[in-house]
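Here's the letter readout for the chains.
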Amino acid sequence: GEALKQVLVACSTDRSRPVLCCVLVESNEAGVRLVTADGFKLLVCELPVQQAPGPGQWLLPSRAAAVASRLLLKSAVPAVLVFSPSKVSLSLSIDDHTDMVARLELGTFPNYAALVPGNYPSTWEVDRQELLDAVQAARVIASQGSGIVQLIGTDTSDMLLVKAKVEEVGEFEAKVACQQQGEP
């Protein structure tokens, strides 16, 4: 339930791209992976499971995922999730009194693995709260326009720049102390 709630943040609301309005549920022998993307954000959540439903990929519409998340968060017992072999529906049994059936979306989710680099030439270690404060402050400006908040490595390896700019509104810029390793 909590994992679904977390990945729904990056689910698209653009109905002209129906596949991105879904949670990609991938299953393999290691467990289940939940993936969402909206063109700007990509969230991947790995979940260990007692018994994986077998290898496969399913597209769970965001509305059904939100309902499933709420039901799972209210339940104290483990849920049973069953995907149909034809990949057209999902059945969720939460307890003796609650069952949910949802129609799955047909289509192909973009190859998100190609967007995630295999290695990282540089890393920045920052204080979590300091970065959150800077991003939330930048979000005030960014929300008036495109919603984009930039994180920029500076020439000196001890600062990370948090920036948002909207032509009609103004600009926000904050420096967050960091420890950078690798190439800038």
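Residues numbered from 1 in each chain as written. Predicted model: local features only at pLDDT ≥ 70, side-chain atom pairs only at ≥ 80, totals over all residues. Heavy atoms only, no water.

### Observations concerning the sheet that holds strand E11 (residues 170-182)
Pairing between the strands of a sheet is mediated by backbone hydrogen bonds and can be parallel or antiparallel.
Next up, step 1: Sheet architecture is open: four strands sit in the order E8-E11-E10-E9, paired in antiparallel fashion. Each having just a single partner strand, strand E8 (122-126) and strand E9 (150-153) make up the two edges of the open sheet. Neighbouring strand axes in the sheet, compared pairwise and without regard to direction, differ in orientation by 45° on average.
Next up, step 2: As judged from the four bridges shared by E9 and strand E10 (residues 159-166), these two strands associate in the antiparallel manner. Pairing of Gln150 across the sheet is with Lys163, part of E10. (Pairing = 2+ DSSP bridges. Helix = DSSP H or I, 4+ residues; strand = E, 2+ residues; numbered from the N terminus. Axes fitted to C-alpha atoms, helices over the stretch in contact; angles between N-to-C directions.)

### So, the environment of Val80
Next up, step 1: Along the chain, Val80 turns up in strand E5 (residues 80-83).
Next up, step 2: Take Val80: its relative accessible area is 48%, and that puts it in the partly exposed class.
Next up, step 3: As a C-alpha pair, Val80 and Leu161 span 81 residues in sequence and 45 Å in three-dimensional space. (Buried < 20%, exposed > 50% of the residue type's maximum accessible area, 1.4 Å probe, protein only.)

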